[in-house]
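Spelled out from the first residue to the last, the chains are:
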Amino acid sequence: MPTSPSQKNKTVWLLIRVAIAFAFFYPAIKIHIDPDSWLSYFPPFIKTVGIPQIVILYLFTAVHLAIGIWILSGKRIFIPCLLATLFLAGLILTNLSQMDILFRDVSLLLITLALAIQSKNSSPQIR
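*Asks:* Explain the layout of surface pockets to me, please; I cannot follow it from the model alone.
*Replies:* Where empty space is left can be seen by rolling a probe of water-molecule size over the atoms. If you add up the space inside the largest pocket, you get close to 820 Å³. Lining the largest pocket are 26 residues, and of these Trp38, Phe60, His64, Phe87 and Leu91 lie nearest its centre. Listed by contribution, the elements that provide at least two residues to the lining of the largest pocket are helix H1 (5–33), helix H3 (44–47), helix H4 (53–73), helix H5 (78–93) and helix H6 (99–120). For the lining of the largest pocket, the residue count by class is 21 nonpolar, three polar and two charged.

*Asks:* Even after reading the chapter, I still don't get the packing of H4 against H5, so can you show me in this structure?
*Replies:* Orientation of H4 relative to H5, taken along the N-to-C sense of each, is 135°, at an axis distance of 9 Å. The orientation of H4 with respect to H5, classified from their angle, is oblique. Crossing hand, H4 versus H5: left-handed. Judged by residue contacts, Phe60, His64, Ile67, Trp70 and Ile71 of H4 engage Ile79, Pro80, Cys81, Leu83, Ala84 and Phe87 from H5.

Here is what the cut-offs are and how they apply
Residues numbered from 1 in each chain as written. Predicted model: local features only at pLDDT ≥ 70, side-chain atom pairs only at ≥ 80, totals over all residues. Heavy atoms only, no water. 1 Å grid on protein atoms, 1.4 Å probe; cavity = no way out; pocket = protein on both sides within 12 Å on 5 of 7 lines; lining within 4 Å. Points joined across faces, edges and corners; volume = space filled by probe spheres on them. Helix = DSSP H or I, 4+ residues; strand = E, 2+ residues; numbered from the N terminus. Nonpolar A, V, L, I, M, F, W, Y, C, P; charged D, E, K, R; others polar. Axes fitted to C-alpha atoms, helices over the stretch in contact; angles between N-to-C directions. Parallel < 35°, antiparallel > 145°, perpendicular 65-115°, else oblique. Left-handed = near helix turned anticlockwise from the far one by under 90°. Contact = heavy atoms within 4.5 Å.

Have a look at this one:
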C-alpha cells in the first residue's frame, strides 16, 4: 500500500483513470455481443445518414478503445478527457428520456471533466 502522499496521489489518479477506461472499454466490447441494445442509444440522425450499421459499430468501438487507452496511459490526457466529456454529454442530452439508466453517466462526465481540468493545472502527466 502506498505510504507517502505522492504515492497515494499517484494511486488515486491511477484508480480514477482505470475507472474511466473501464467505462469506455465495456461498451466497446458489449456492442458486438448485443448491438441492438447499444445502438438504441445512438441519436436518430446517426442511424439515418446512410452509414452501414457495421461501420457505426466499429467506429464506436475504435473511439471507445482509443479514449480508454489514452486516459489509462495518463499521458497528455486533456484531449481524451475532453472528448470523453463531450461524448458523454451528447449521450446524455440525446437520451434524456432514459435518465433512469444513464444517471451514472452524469457522474462519469463530471469525472472526465475534472480529469481534463486537473491535467491543465498540472504537469503533462497525471501519474
